[in-house]
Every structure is written in structure tokens, then in C-alpha cells.
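A look at the structure
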Amino acid sequence: MEAGLRNKYIRGQACIKSVLKHHIVPHTICTAAIPNRKRSTIDMNGEWLSLERDPSGSLVVGEKAHTEQPDLMATNGVVHIVNKVIQPKSVIWIDFAAHVGTFSNFLPSPGVLKHHIVPHTICTAAIPNRKRSTIDMNGEWLSLERDPSGSLVVGDKAHTEQPDLMATNGVVHIVNKVIQPKSAQPTSQILSQSNHTSWLDLVQKANLLDMIDQTPNITMFVPSEESLNEPATKQKLDAMSPETLKDVILYHTATPKVCSCEMENDMVVNSTLPGQRLQINVFNNVSNGPSTLAPGCPRRSLEPPAYLGYV
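Residues numbered from 1 in each chain as written. Predicted model: local features only at pLDDT ≥ 70, side-chain atom pairs only at ≥ 80, totals over all residues. Heavy atoms only, no water.

Labelled according to an unreviewed UniProt entry, the protein chain appears under the name Transforming growth factor-beta-induced protein ig-h3-like, originating from Diaphorina citri.

Here you go:
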């Protein structure tokens, strides 16, 4: 077997069992037992495997795999050396690299595409019944588990419809929905998932939900739930009209997007409230307040009670 083909099979160790079993039938078949017309038998997967004789009388197995050394008798059966790998129908080889451009046309952003790719081969058989997690090409966590039927479930309940399709450089699983990473979710969804519901309620009251979800490259500084529910603050916010509250929300939102690793002490950014700017104070002591950090950034925190929100 050529090196490239051998490496392709080795990378899909858990999936390749069906390929190996397709080369084995549970009974002894010698060349002389096969008539000139095509016959079929059942392999160790329970799949059909065709057998026939070519014009020279040699045995031909499956999809034109010709025997080079037939009828090698073993202690428990017979071995035929064939000139190619016999591929079962249950395993489909895909040159993923040749199609990735086509696939990406249907995806909303590179971040979403990368959330569907992990940098190692994972076949269904390699996932235990309990939930496991791996890192995608964005550096974000991606959960993997098996449902009661044994099928692979990826991320937020994306069920595999066609699992373990072996590619030249890995394995492909066809799932029934787009797996959305947190980095590609709208701001309102991030607020909801992170339990910043008080701030989200204020955004909705100010009729700014579409604005925070659709404005590109925003930075939102979100007060903590504790600060928003402090009695005096809550009373003041509850008494505000939607228009006044809108100014408050806009003042907490800046453009363009600023990662925490880009922030410097006394840095000034433009808020989305016309004519207003925000000054950022950076502290090295994380006990001064909570912080949301971008991956790989040095640990720094913003002056409480605000912290870097969501983009």
C-alpha cells in the first residue's frame, strides 16, 4: 500500500474497522469455488461483497480488486493477496480540501466554519457515552457526546446524520444543523446565556435590541447584576423613560470593537451616545473587580462595577 493511502487509513483508526472487516468473510472461499459468473457473500460487517473470475480465471473481489497471490492456506482459513483496498459502501472517502471552498460559501463567517473543525481525527467510536469536550480551530470549546442510540451529538444538539466519512486528511461527520460558536452569537444572546438579564431587560425597554445585535464592531461595558440590582440604582433605572434609558445604554456601548488586550490605562474610546467618550482605567490587581479577557491576553481588569462586555 502506498504511503499516502496508508497514512490516510491510519488517521481514521476507529473508523477503519469497517474497512478491515470488509476484507474478511466468515467462511473459507478458494478460487476454485467461484464460478465464472459473479457471486456475492457477506463480510464481517454484514455487508455484501462480490466475487467473480476475470477472463484469465483469477479471482476478482469487490470493486475490481484482483488477486495477485490467491489461495494461501492458513491454519484457520485461506488468504488472498489483492492489488487494492476493497472499500465498503458504509465508508465514503471525501477529499475535504477540494470541497472546503464550496462548503464555506454556505457559512456566515470564518468563525462559524472553524467551529466545525477540530485539529485532530475524532470518529464516533472514540467518544464514550459521557460528554467530552475538545478545542475547535477558533480555540473555543466544542462538546461531543453520544445519544441513547449511540449516534454522535456535537455542540448544541447537532446530531450526526452521516457519521465517520473518511477524508484524505481526516474524518467528516454530516450534522443536521449549523453549530454556532459563542463568538458568532448576537450580543443579546450572549447577555442571556451569561445571565446578564437585568441589563438585557433595560436594552429591551430602551428598544435597542436590534441595534446591539446588528451594529458591527461594538464594545459593550455591562454593569454587573449586583450593581444593577442595588436598591437605589434599580429604583433610578426603573423610573427612567425609554428615551433616557436609551442614552444610558448608548453611553455604555463604544465603537469600534476593543479587546481587553488592546486597552491601556487612561485610554479614551468613543461611545455610541453622540458627543460622549469613555475613559478606561486599567488595574493589575484583579481583586478590584471582575474582568472578561480575550484568549491569550495578559490579565487585567477594568474599574468596577463595569467590565468588558460583548461584541
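All right, on to the environment of S271 then. Checked against the element boundaries, S271 lands in strand β13 (residues 267-271). A relative accessible area of 9% means that S271 is categorised as buried. For the pair S271 and T255, spaced 16 residues apart in the sequence, the C-alpha separation amounts to 6.4 Å. Among residues more than four places away in sequence, those in contact with S271 are L250, Y251, T253, A254, Q276, R277 and L278. Separated by 3.2 Å, the side chain of S271 and the backbone nitrogen of L273 make a polar contact. Within polar-contact distance, the side chain of S271 engages the backbone oxygen of Q276 at 2.9 Å. (Helix = DSSP H or I, 4+ residues; strand = E, 2+ residues; numbered from the N terminus. Buried < 20%, exposed > 50% of the residue type's maximum accessible area, 1.4 Å probe, protein only. Contact = heavy atoms within 4.5 Å. Polar contact = N/O pair within 3.5 Å; in protein donor to acceptor, adjacent residues only side chain to side chain.)

With that settled, consider helix α6 (residues 197-205). Among the residues of α6, those classed as buried are S198, W199, L200, L202 and V203. Of the surrounding secondary structure, the elements contacted by the buried residues of α6 are α5 (187-193), α7 (209-214), β11 (219-223), α8 (225-228), α9 (231-239) and α10 (242-251). Note on α6: the residue one or two positions beyond its end, N207, has a positive phi of about 60 degrees.

Evaluated as defined, the whole model comprises five salt bridges. When the shortest N-O distance is used, the salt bridge between E52 and K38 registers 3.8 Å. Residue E52 is located in strand β2 (residues 48-53), and its partner K38 is located in the loop between α2 (17-21) and β1 (39-42); the two are separated by 14 residues in the primary sequence. For K64, the salt bridge identified is with E52, shortest N-O distance 3.8 Å. (Salt bridge = Lys/Arg side-chain N within 4 Å of Asp/Glu carboxyl O.)

A separate point is the packing of α6 against α10. One way to put it is that α6 packs onto α10 with a least axis distance of 8 Å and a crossing angle of 125 degrees. What the angle tells us is that α6 and α10 run oblique. Classified by chirality, the crossing of α10 by α6 is left-handed. Contacts between α6 and α10 involve W199, L202, V203 and K205 on the former and, on the latter, P242, L245 and I249. Residues belonging to the contact of α6 with α10 are distributed by class as follows: six nonpolar, no polar and one charged. (Axes fitted to C-alpha atoms, helices over the stretch in contact; angles between N-to-C directions. Parallel < 35°, antiparallel > 145°, perpendicular 65-115°, else oblique. Left-handed = near helix turned anticlockwise from the far one by under 90°. Nonpolar A, V, L, I, M, F, W, Y, C, P; charged D, E, K, R; others polar.)

Strand direction decides the pairing type here: strand β6 (residues 132-135) and strand β7 (residues 141-146), joined by four bridges, are antiparallel. When the sheet's bridge partners are listed, R132 is paired in β7 with L144. Counted between consecutive antiparallel strands, the loop separating β6 from β7 contains five residues, among which G139 sits at a positive phi close to 85 degrees. (Pairing = 2+ DSSP bridges.)

Pairing is antiparallel in the open sheet, where five strands are placed in the order β1-β2-β3-β4-β5. Every interior strand has two partners, whereas the edge strands, β1 and β5 (77-82), have only one. Between one strand axis and the next, the sheet turns through 40 degrees on average, direction left out of account. Two strands pair when backbone bridges link them, and β1 and β2 are joined in this way by four bridges, in the antiparallel orientation.

As for its position among the elements, D147 is in the loop between β7 and β8 (152-154). Only 2.7 Å separates the side chain of D147 from the side chain of S149, close enough to count as a polar contact. Aside from chain neighbours lying at most four places away, what touches D147 is V153 and H159.

All right, on to the sheet that holds β7 then. With antiparallel pairing, five strands are arranged side by side in an open sheet as β6-β7-β8-β9-β10. Two strands in the sheet have a free side with no partner beyond their single neighbour: β6 and β10 (170-175). Averaged over neighbouring strand pairs, the angle between their axes works out to 40 degrees when direction is ignored. Bridge count for β7 against β8 is three bridges, and the pairing is antiparallel. Paired with R146 across the two strands is L152, which belongs to β8.

Where nonpolar side chains cluster on the molecular surface, the patch consists of L72, V79 and I81 and spans about 200 Å² of accessible area. In this structure, V79 sits in strand β5. (Patch = residues over 30% accessible without salt bridge, like charges linked within 9 Å, V, L, I, M, F, W, Y side chains within 5 Å. Areas by Shrake-Rupley, 256 points an atom, 1.4 Å probe, with all protein chains shown as cover.)

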